[in-house]
Amino acid sequence: MLNCKQAAALMSQGMDKELGLFQKMTLRSHLMMCKGCRNFNKQLAFLRQGCRNFPSQGS
Amino acid sequence: MENELAASNSSGGLDDELVSLRRDMFKFARLQLRDDASAEDAVQEAMAGALAGKKQFNNRAQIKTWVFAILKHKIIDIIRERARSPGTAISVDEIPENAYDELFDDKGFWQEDSRPASWGNPEGSFSSQQFWQIFELCLTRLPENTARVFMMREMLGFDTDEICKELAISSTNCWVVLHRARMGLRLCLDERWFNAENRNAEL
């Protein structure tokens, strides 16, 4: 069972490399139960999108 | 670009646009390189490269996308150059290991008041100039090397292996740094932007 701190670290790692099957499974079951971490996960994706848009902002 | 430049002589409008484009480029380069002189070099070269390309553009957004693509390459060149010169091993443990511990309880679950709340439809913020000011402010607040690793990954599109190689850090270190950078940036945006009460606070 993952706690939120571990889940957050895994979600972040998942932005940089393919997680292992076991990691994916434990993360998925944590996310199913944890709204806070689901929000966190969406926010990570948003940060990435923000960084990609950052250079051309305001054009 | 040539035609655009020619047109600028009669209207003056494009001159202003080039000045503002140049300013944006410089800001972007300085954020990545944290050094005015290198940032200036990168912008000069990118501008020269863009003008030499003699591409045709229909609007400012196209020009901007084009010169920023060139600028990114120049910044990447400078980062690689730096990595090759000796004595540039960087310290990446600027954000301490326990920096975000207080967000979690002693079992590692989110504390009630720090559990991430929904940001709604955050993409709507992309059209706000003020949002981008805060985004930049939050990036600037990250410690220098942490920000550098993060921006290499997220803005310049390096993969982590390459970042490790260029900066001579271990891949574990690299992930840890990226994670802390994301925690910091998320928290800053959460406090400064998505918590609307703080939006109008002094930047």
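Residues numbered from 1 in each chain as written. Chains lettered and ligands numbered in written order. Predicted model: local features only at pLDDT ≥ 70, side-chain atom pairs only at ≥ 80, totals over all residues.

## Quick notes on the interface of chain A and chain B
Note the following rule: Two residues qualify as being in contact provided that their C-beta atoms, derived from the backbone, are within 7 Å of each other. Helix numbering and strand numbering both begin at the N terminus, where a helix is a DSSP run of H or I of at least 4 residues and a strand a DSSP run of E of at least 2. Under the grouping applied here, Gly and all other residues not named as nonpolar or charged are polar, the nonpolar ones being Ala, Val, Leu, Ile, Met, Phe, Trp, Tyr, Cys and Pro and the charged ones Asp, Glu, Lys and Arg.
Across the boundary between the two partners, chain A contributes 26 residues, which contact 31 residues of chain B. Elements that contribute at least two residues to the side of chain A that touches chain B include exactly α1 (4-14) and α3 (35-53) of chain A. Counting residues per element, the side of chain A that touches chain B draws most heavily on α3(A), at 11 residues. Considering only residue class, the side of chain A that touches chain B consists of 9 nonpolar, 13 polar and 4 charged.

## Points about the nonpolar core
Residue and element names in this part refer to chain B. Applied cut-off: Residues enter a nonpolar core if they are buried, belong to Ala, Val, Leu, Ile, Met, Phe, Trp, Tyr or Cys, and are joined to the set through C-beta atoms within 7 Å. Any residue with 12 or fewer other C-beta atoms within 10 Å of its own C-beta is exposed, any with 20 or more is buried, and the rest are partly exposed; the C-beta atoms used are placed from the backbone. Domain ranges listed in this record stem from an automatic or a database domain assignment.
M25, A29, A42, V67, L71, V149 and A181 are the most contacted members of the largest nonpolar core, which has 54 residues in total. If you tally residues by element for this core, the top one is helix α8 (residues 171-194), at 9 residues. Two domains each put at least three residues into this core: domain 1 (2-84) and domain 2 (101-198). Setting aside residues no more than four positions away along its own chain, A181 makes contact with L142, T146, A147, V149 and F150.

## Things to note about the environment of C138(B)
Residues and elements named next belong to chain B. In this fold, C138 is placed in helix α5 (residues 129-141). Using a count of 22 C-beta atoms within 10 Å as the deciding quantity, one classes C138 as buried. For the pair C138 and R180, spaced 42 residues apart in sequence, the C-alpha separation works out to 13 Å. When near neighbours in sequence (up to four residues on either side) are disregarded, C138 contacts L185, C188, L189 and R192.

## Here we look at the domain arrangement of chain B
Interfaces are frequently sized by the accessible area removed from exposure as the parts join. Residues and elements named next belong to chain B. Splitting chain B by domain gives domain 1 (2-84) and domain 2 (101-198). Measuring from the centre of the C-alpha atoms in domain 1 to the corresponding centre in domain 2 gives 26 Å. Contacts between the two partners involve 9 residues from domain 1, matched on the other side by 9 residues from domain 2. Going through the elements one at a time, α2 (13-33) and α4 (60-84) are the ones with two or more residues in the side of domain 1 that touches domain 2. Of the residues forming the side of domain 1 that touches domain 2, the biggest block, 6 residues, is contributed by α4. Tallied by class, residues from the side of domain 1 that touches domain 2 come to 5 nonpolar, 1 polar and 3 charged.

## Quick word on the packing of helix α6 (residues 144-154) of chain B against α8(B)
All names here are of chain B. Rule in force here: Every axis corresponds to a line fitted to the C-alpha atoms, with the helix fit spanning only the stretch in contact, and the corresponding angles, defined between N-to-C directions, vary from 0 to 180 degrees. Here is the rule for angles: anything less than 35 degrees is roughly parallel, anything more than 145 is roughly antiparallel, 65 through 115 is roughly perpendicular, and the remaining ranges are oblique.
Where α6 contacts α8, the two axes come as close as 9 Å, and the packing angle between them is 95°. Considering their axes alone, α6 and α8 lie roughly perpendicular with respect to each other. Listed contacts from α8 to T146, A147, V149, F150 and R153 of α6 are C174, V177, L178, R180 and A181. Here the contact of α6 with α8 is built from residues that sort into 7 nonpolar, 1 polar and 2 charged.

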